[in-house]
Amino acid sequence: MKNLYIFSILLFSLSFSTVAQEARISGQAYDSLSHKPISYASVSIHKNDRDTAFVDGVMTDESGSFSLANLKAGQYLLKIRFLGYETQVIKLAPLHAGEHLEIKAIELKPSATFLNEVIISDQPTLNYHKIDKQIYKAKQFETAKGGTAIDLIKNMPSIAINGQGEITLRGSSGFFVLINGKPVQTDAQTILSQLPANVVENIELITAPSAKYDPDGKGGIINITTKTGVDNGSFLAINLQTGFPSFNDYNNKESQKRYGADVSFNYKNNRWDLTASANYLRNDNAGFREGDVYTIIDQIKTTFPSNGERSFDKYNYGGRFNIELKADDKNTFSLGFFAGHKFQDRVADIYYNNTKTALERQEIIGKTSYFNANLQTKQGNFVLGNFGYTHQFNDQSNLSLSVLYEYADLYGSTDNKNIEGSTIVQHTLNTYKNPLNGLRAKLDYSVKIGEGNWESGYQFREDKQNGDFIYATKQGETFIVDPEFSGLINTRNSIHSLYSQYAGKHKKLEYSGGLRYEHAERNVDLQQEEAPHALTLDNLFPSANIRYTLSRGWQSKAGFSRRVQRTNNFELNPIPEREHSETLEQGDADLLPEFIYLAEFGFIKTFKKGSFFSTLYYQDIKNPIQRVNSVYTDTILNRIYTNAGKAYSYGLEAGINAQATKRWQFYVGANLYKYQIKGSLFDEEVHVENSDWVYTINFNTNYQINSTLNVQGNLNYLSARPTAQGKDSRFVTPNLALKKTFMDGRFSAQLQWQNIDMGFINANEQRITTVGTDFYTTTNYIYEKDILLLNLSFQLNKLKNKLKLPESEFGNKEF
């Protein structure tokens, strides 16, 4: 490991070192009125001669900073442009070889046209592209206000969410989540459902991540950046939400409750930056399901169609704070803390009509009807703390250390009753306790070499989980534990990793390349088995990205990355869980992680009032993990996590955003891909081969009626898609929002209409079908439609950085 690390350092140092006789210019762009940094302004340098020939160009980063390297000695002009501002042209003093010219503050003045029109149309560019990511402003998605981060990210061009709440990026359900650039080794749906949409500033999609990132997630990385306050001042925001009564509650036993609140505070001066927030969200959902199932055992066909309530009671609350201290120009410290609770009840009260048929004689040999009352409860308490330290050396190199520790108390139960008439014929109770401890420690070093930046680092991460699972059947007045479905399971995952990468820019070409090495160990200890299930893996994860600036606003880009989709502890748990009357859930302690090669190539076009992009991509997936069905008994299917051979997908994603008129702005993102899976299941007893084309469309439009009133609509559409044993139907959710602002924008009221159906769209429902040689199952899940919400928002010391674009670590994935 040590030799490989030294080799990586030498490789990148020798490959990219250049002669330090070239000049460099750096600086920072500011708004002349608010004195706030301007992110993503265009900076270009030209020869100071008759032709003013273009030499090089960049965009400012999140802090408004830029750097132009690899310049020859001579005289130059510097131009800075940004939409709505007057172009700033600076005549530079002659540059000498090896000189570094730093321009600390470049002020851009808002144009007269912009100042006159801003009260009517304050619509900044919706998204930006960098060499390895797409950046989207959360502010544009008004229909997500009062909700969670999930309501925001589902609008991204290649993201889709199905009826089960599963989030996919380019068709892959596995992706890595970062919060403000910090890793979140969790189930994405769980962590994002606890983050209020109101605190999110940007969503970044990193589809071909570099070596400095964890290689987790076959779809890539989603980075959520949260809002910050003003410089040298304070900021307070309060948001309230309430829901109107349901239009259709499907005759559910309980009425749905929807309300919430969140508050955010920020104080900042030259040394201290303090952020604190708290939130509570209650978001129940009415629902209904209808299904049909049959199994065949020994030429006896058992059919059991069903229908009934499937509703959710859900709430979460939490508090978090982060303190950052800039001790001096070279040392910065940060300390963060989060504590929260999440609760979910799923009620499935289903009526079954069972019929047994002897296939040889085609004779009905039995009929029965019964009612199944099923209540599944999941709860979790989450507590974590993190510490960070950064030191800047005299040569402008940086050393950073970060440590995160988390404890998660996870527990829950499934209460299942089969009732014939008024008699309970079967009563079972599943309970579990599954506390988790997680640790991550990371050390990174970066230094400028030649025309770019070299980075290298080490990381250790570990999580331990001790689960106690009990399955009991009620006999008389006592529950008797069934050892076949009960037991203890201890899981430990530890990973050591080293990485090294170099990123730079030469004239019109941006590039980065790197390599990451990982040593991973996984142990699963079962109470009923003497020997543990152990897995040790050593892997290399290479990555590379390039972007080239063409003429007339065109850019081309390409990327390559190797990824891994690791198993979570739920997928590894072989102890069966009776999820409801007709299914058992079961994992595999020897399940292998998925390994993925990603490649992409695309173009970006920037025009006066918007931008367009398109990207071709390919994924090659080894050991794809699938949840598949097999027959357990005549009325119970066993859902098992297993590896299913080989899979691949290739597709095209595209998006356009434009300010069509002074008042009307729109954004459309689409993704078309073909997914194919091929392999065998259950010791090659079942052959699997399935493929089909899948597409998603996300549309968002905003119309500014007047200076204080605007309306926004959006549509999220996911087409039917193949699975290992069948197909999921299409899923569509239209939404509408009307927003009115008061008090110069400090107070706002918004009316939302979610999951618009109006009786004919069939919104917010999805049919899931799987087929085998001895079974067939199809279920249509119908979730609540036509939901009305009211949001009220108030800001004290309104955020001035309008032009600035810029949680739980382990436990949520097991919730």
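The rules behind the values
Residues numbered from 1 in each chain as written. Predicted model: local features only at pLDDT ≥ 70, side-chain atom pairs only at ≥ 80, totals over all residues. Heavy atoms only, no water. Salt bridge = Lys/Arg side-chain N within 4 Å of Asp/Glu carboxyl O. Buried < 20%, exposed > 50% of the residue type's maximum accessible area, 1.4 Å probe, protein only. Helix = DSSP H or I, 4+ residues; strand = E, 2+ residues; numbered from the N terminus. Polar contact = N/O pair within 3.5 Å; in protein donor to acceptor, adjacent residues only side chain to side chain. Contact = heavy atoms within 4.5 Å. Patch = residues over 30% accessible without salt bridge, like charges linked within 9 Å, V, L, I, M, F, W, Y side chains within 5 Å. Areas by Shrake-Rupley, 256 points an atom, 1.4 Å probe, with all protein chains shown as cover. Pairing = 2+ DSSP bridges. Axes fitted to C-alpha atoms, helices over the stretch in contact; angles between N-to-C directions. Core = buried A, V, L, I, M, F, W, Y, C linked by side-chain atoms within 4.5 Å. Phe/Tyr/Trp six-rings, centres within 6.5 Å; stacked < 30°, edge-to-face > 60°. Lys NZ or Arg CZ within 6 Å of the ring centre and 35° of its normal.

Draft legend 1. Quick peek at the pattern of salt bridges. Throughout the structure, instances matching the rule amount to 27 salt bridges. Its salt-bridge partner being glutamate 518, residue arginine 516 comes within 3.6 Å of it at the nearest N-O pair. No difference in accessibility class separates arginine 516 from glutamate 518, as the two residues are buried. The shortest N-O distance in the salt bridge between aspartate 757 and lysine 785 comes to 3.9 Å. On the criterion of sequence distance, the pair formed by aspartate 757 in the loop between strand E46 (747-754) and strand E47 (765-772) and lysine 785 in the loop between strand E48 (775-783) and strand E49 (787-796) is long-range, its members being 28 residues apart. Accessibility expressed as a relative area gives 12% for lysine 785, which makes it buried. Through salt bridges with shared partners, a single ionic network connects Asp214, Asp216, Arg440, Arg461, Arg516, Glu518 and Arg566.

Draft legend 2. Layout of the side chain of asparagine 764. Among the secondary structure elements, asparagine 764 is positioned in the loop between E46 and E47. With relative accessibility at 10%, the residue asparagine 764 sits in the buried group. Here glutamate 784 takes part through its backbone oxygen, which lies 2.8 Å from a polar atom of the side chain of asparagine 764. When sequence neighbours within four positions are dropped, the list of residues in contact with asparagine 764 reads Phe731, Val732, Thr733, Asn755, Tyr781, Ile782, Tyr783, Glu784 and Lys785.

Draft legend 3. Fine view of a nonpolar patch on the surface. Where nonpolar side chains cluster on the molecular surface, the patch consists of Tyr618, Tyr650, Leu672, Trp693, Tyr695, Ile697 and Phe699 and spans about 610 Å² of accessible area. If you tally residues by element for the nonpolar patch, the top one is strand E41 (residues 686-706), at 4 residues. Within the element layout of this structure, tyrosine 695 appears in strand E41. You can call tyrosine 695 partly exposed: its relative accessible area is 35%.

Draft legend 4. Quick look at the pairing of strand E35 (residues 594-607). Here strand E32 (residues 554-565) runs beside E35; their pairing, made up of 12 bridges, is antiparallel. Note on E35: the bridge partner recorded for phenylalanine 560 is alanine 599. Bridge analysis of E35 against strand E36 (residues 610-622) gives 13 bridges, and the strand direction is antiparallel. Looking at the pairing, phenylalanine 607 lines up with glycine 610 of E36. Between E35 and E36, which pair antiparallel one after the other, the connecting turn spans 2 residues.

Draft legend 5. Expanded view of the sheet that holds strand E37 (residues 625-633). If you trace the 4 strands from one edge of the open sheet to the other, you get E33-E34-E38-E37, paired in mixed fashion. On the outer flanks of this sheet lie strand E33 (577-580) and E37, each paired with one strand and no other. Direction aside, the axes of adjacent strands within the sheet are offset by 30 degrees on average. Here 8 bridges tie E37 to strand E38 (residues 636-643), and the two strands are oriented antiparallel to one another. When the bridges of E38 are listed, valine 628 appears paired with isoleucine 640.

Draft legend 6. Representation of the nonpolar core within the structure. Core analysis: the largest hydrophobic core is formed by 28 residues, its most contacted members being Ile203, Ile222 and Ile224. A total of 4 residues in this core trace back to one element, the largest contributor, which is helix H3 (residues 149-153). Each residue touching isoleucine 224, except ones within four places of it in the same chain, is listed here: Ile153, Leu178, Ile179, Asn180, Leu192, Leu195, Val200, Asn202 and Ile203. Core analysis: the next-biggest nonpolar cluster, separate from the first, contains 24 residues, Tyr40, Val58, Ile106 and Tyr128 among them.

Draft legend 7. Geometry of the environment of aspartate 692. Along the chain, aspartate 692 turns up in strand E41. In this structure aspartate 692 comes out as partly exposed when scored by relative accessible area, which is 26%. For the pair aspartate 692 and alanine 720, spaced 28 residues apart in the sequence, the C-alpha separation amounts to 8.9 Å. Apart from residues lying up to four places away in sequence, aspartate 692 is in contact with Tyr673, Lys674, Tyr675, Pro722 and Lys727. Polar side-chain contacts of aspartate 692 include one of 3.2 Å to the side chain of lysine 727.

Draft legend 8. Main features of the sheet that holds strand E3 (residues 54-59). Spatially, E3-E2-E5-E6 is the arrangement adopted by the 4 strands of the open sheet, whose pairing is antiparallel. The sheet terminates laterally at E3 and strand E6 (88-91), the two strands that pair on one side only. With direction set aside, neighbouring strand axes in the sheet form an average angle of 15 degrees. Strand direction decides the pairing type here: strand E2 (residues 42-47) and E3, joined by 5 bridges, are antiparallel. Bridge assignment links serine 42 to a residue of E3, and that residue is methionine 59.

Draft legend 9. Molecular detail of the packing of aromatic side chains. The tally for this structure, following the rule as stated, stands at 29 aromatic pairs. Ring geometry for tyrosine 315 and phenylalanine 343: centres 4.8 Å apart, planes at 15 degrees, overall stacked. With tyrosine 315 in strand E21 (residues 306-326) and phenylalanine 343 in strand E22 (residues 331-358), this residue pair connects regions lying 28 residues apart in the sequence. In this structure, arginine 170 is placed above the aromatic ring of tyrosine 617, and the distance from its NZ or CZ to the ring centre is 4.4 Å. Geometry around phenylalanine 312 places lysine 314 over its ring, the cationic atom sitting 5.8 Å from the centre.

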